[in-house]
Amino acid sequence: MLRDILSITGKPGLYKLVSRGNNMLIVESLLDGKRVPTYARDKIVSLGEISMYTMGEDIALSEVLTKLGEKEGLKVASIDPKKADNDELRDFFGEVLPDFDRDRVYPSDIRKLIQWYNILINAGITDFTIDEEGEELAAVEEKKMETKKPAPKAQVKTQKAAASSARTGVGAKKG
């Protein structure tokens, strides 16, 4: 489910992937439901690709959101990320993920995570798993896009052009 949820740099909130077009994606805001196009120049990140630093191995965002959902009972977070100070955010996140790396996970990261969690809950999204089937479909679609690319025109030679150049001696070595 998180593979279709996107964060776009410079735009507030989260977006759901609706459709793919030529050199663009159509996304729908989870905040207000408006559909907008995004282009290749926009930095787009799927929530399924994000992970958080811990003292051991990094943990996928899907697992962090699941733990946060278990702690909060799949309701909006009990802490207001905009009003909480840095120590309150770290203490709150320590209850969710006790072994998070306190040096590399900044309060702004925790603030953004809680905001994303609240947006997902308010949008009715409570399944924080990464959809493996959707990942396979995306790979198949990418392959289709690659095979549809036309051959460069300069390399295409018709039979008439080849026969014509043979008769006139075009490209022949002069001796």
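Going by the structure above, here's the rest.
Residues numbered from 1 in each chain as written. Predicted model: local features only at pLDDT ≥ 70, side-chain atom pairs only at ≥ 80, totals over all residues. Heavy atoms only, no water.

Caption draft 1: A look at the overall build of the protein chain. In terms of regular secondary structure, the protein chain is built from five helices and seven strands. For the protein chain, the N- to C-terminal ordering of α and β elements is β-β-β-β-β-β-β-α-α-α-α-α. If you take every contact in the protein chain between residues at least 6 apart in sequence, the share linking residues at least 24 apart comes to 55%. Within the structure as shown, the protein chain displays about 11,900 Å² of accessible surface, and the carbon and sulfur contribution to it stands at 50%. (Helix = DSSP H or I, 4+ residues; strand = E, 2+ residues; numbered from the N terminus. Contact = heavy atoms within 4.5 Å. Areas by Shrake-Rupley, 256 points an atom, 1.4 Å probe, with all protein chains shown as cover.)

Caption draft 2: Structural view of the pairing of strand β3 (residues 24–29). Alternating residues of β3 divide into Leu25, Val27 and Ser29, all buried, and Met24, Ile26 and Glu28, none buried. Bridge count for strand β2 (residues 15–21) against β3 is six bridges, and the pairing is antiparallel. Paired with Lys16 across the two strands is Glu28, which belongs to β3. As defined by bridge partners, β3 adjoins strand β4 (residues 35–39) across five bridges and the pair is classed as antiparallel. Following the sheet pairing, Glu28 is matched in β4 by Arg35. Hairpin connection, β3 to β4: the antiparallel pair is bridged by five residues, and Gly33 has positive phi, about 80°. (Buried < 20%, exposed > 50% of the residue type's maximum accessible area, 1.4 Å probe, protein only. Pairing = 2+ DSSP bridges.)

Caption draft 3: View of the layout of surface pockets. Estimates place the volume of the second largest pocket at around 240 Å³. Along the walls of the second largest pocket sit Ser7, Ile50, Ser51, Met52, Tyr53, Leu61, Arg104, Val105, Asp109, Lys112, Leu113 and Trp116, which together make up its complete lining. Broken down by element, the residue count for the lining of the second largest pocket peaks at four residues, all from helix α3 (residues 107–122). Within the lining of the second largest pocket, the residues separate by chemical class into seven nonpolar, two polar and three charged. (1 Å grid on protein atoms, 1.4 Å probe; cavity = no way out; pocket = protein on both sides within 12 Å on 5 of 7 lines; lining within 4 Å. Points joined across faces, edges and corners; volume = space filled by probe spheres on them. Nonpolar A, V, L, I, M, F, W, Y, C, P; charged D, E, K, R; others polar.)

Caption draft 4: Local environment of the packing of helix α2 (residues 86–96) against α3. Taken N-terminus to C-terminus, the directions of α2 and α3 make an angle of 65°; their axes are 9 Å apart at the nearest point. In the crossing of α2 with α3, the sense of the turn from one axis to the other is left-handed. In this structure, α2 uses Asn86, Leu89, Arg90, Phe92 and Phe93 to contact α3, whose residues at the interface are Pro107, Ile110, Arg111, Leu113 and Ile114. Residue composition of the contact of α2 with α3, grouped by class: seven nonpolar, one polar and two charged. (Axes fitted to C-alpha atoms, helices over the stretch in contact; angles between N-to-C directions. Left-handed = near helix turned anticlockwise from the far one by under 90°.)

Caption draft 5: Main features of the packing of helix α1 (residues 61–72) against α3. Taken N-terminus to C-terminus, the directions of α1 and α3 make an angle of 70°; their axes are 11 Å apart at the nearest point. As summarised for this structure, α1 and α3 are arranged roughly perpendicular, according to the angle between their axes. Here Leu61, Val64, Leu65, Leu68, Gly69 and Glu72 of α1 come into contact with α3, specifically with Leu113, Trp116, Tyr117 and Leu120. Within the contact of α1 with α3, the residues separate by chemical class into eight nonpolar, one polar and one charged. (Parallel < 35°, antiparallel > 145°, perpendicular 65-115°, else oblique.)

Caption draft 6: Local environment of the sheet that holds β3. Reading across from one edge, β4-β3-β2-β1-β5 is the order of the five strands in this open sheet, with antiparallel pairing throughout. This sheet does not close on itself; its edge strands, each paired only once, are β4 and β5 (44–46). Looking at each pair of strands side by side, their axes are set apart by 45° on average, direction ignored.

Caption draft 7: The pattern of salt bridges, seen in detail. Using the criterion set out here, one finds four salt bridges in the structure. Salt-bridge contacts for Arg35 lead to Glu28; the nearest nitrogen and oxygen are separated by 3.2 Å. You can call Glu28 partly exposed: its relative accessible area is 25%. Between Lys71 and Glu72 there is a salt bridge, with its nearest N and O atoms 3.3 Å apart. Look at Lys71 and you get partly exposed, because its relative accessible area is 33%. Among the residues examined, Glu72 registers a relative accessible area of 12% and is labelled buried. A single network of salt bridges, built from pairs that share partners, joins Lys71, Glu72 and Glu95. (Salt bridge = Lys/Arg side-chain N within 4 Å of Asp/Glu carboxyl O.)

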